Amino acid sequence: LELLLLVFFILLFTCAGISIMFTFYQICREDYRWWWRSFNTGGSIAFYIFAFSLAYAKRLDVQDSPFSVSLTLYLGYMGLVCFGVYLMTGTIGMMSSFWFNDKVLGSLEKEVN
């Protein structure tokens, strides 16, 4: 349980750091529409998780047909889990980018004026 919690915190810090870095690069290019891009950058890990679940679903032992009930339930629940992960990590990415813009870039603006 401790290892799982450690990996969860590493995931959150990584999503926050990558979102801050991409937002900083975007603001350096003077593109100030960073809100949704920071959310999508943080939430992009959910697409990787869903792709991994598709690769795992290919290995499931499906007896009768490729569109069985168990496969449909598995992919449906994994879609819901990935959507939850997308919302969670996207929120972490957007809030960390907002904190970065408020604290760091806000202090730079005060120094210029």
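Above this text you will find the structure in question.
Owing to the predicted nature of the structure, the values given are computational and were not obtained by experimental measurement. (Residues numbered from 1 in each chain as written. Predicted model: local features only at pLDDT ≥ 70, side-chain atom pairs only at ≥ 80, totals over all residues. Heavy atoms only, no water.)

Peer 1: Any chance you could explain the overall build of the protein here in plain terms?
Peer 2: When helices and strands are counted, the protein shows four helices and zero strands. Taken from N to C terminus, the helices and strands of the protein fall in the order α-α-α-α. Across the 113 residues in the protein, those meeting the buried criterion constitute 29%. Across the protein, every contact between residues at least 6 apart in sequence was considered, and the portion connecting residues at least 24 apart equals 72%. For the protein, the accessible area works out to roughly 8500 Å², and carbon and sulfur atoms hold 71% of it. (Helix = DSSP H or I, 4+ residues; strand = E, 2+ residues; numbered from the N terminus. Buried < 20%, exposed > 50% of the residue type's maximum accessible area, 1.4 Å probe, protein only. Contact = heavy atoms within 4.5 Å. Areas by Shrake-Rupley, 256 points an atom, 1.4 Å probe, with all protein chains shown as cover.)

Peer 1: What is the right way to read the nonpolar core from this model?
Peer 2: Generally speaking, soluble globular proteins have nonpolar side chains that are buried together. Phe39, Ala46, Met78, Cys82, Val85, Tyr86 and Met94 together form the largest nonpolar core, which totals seven residues. With five residues, the single largest contributor to this core is helix α4 (residues 69-112). Ignoring any residue separated from it by four or fewer positions in sequence, one finds Val85 in contact with Ile45, Ala46, Ile49 and Gly90. Core analysis: the second largest hydrophobic core is formed by five residues, Ile20, Ile27, Phe100 and Leu105 among them. (Core = buried A, V, L, I, M, F, W, Y, C linked by side-chain atoms within 4.5 Å.)

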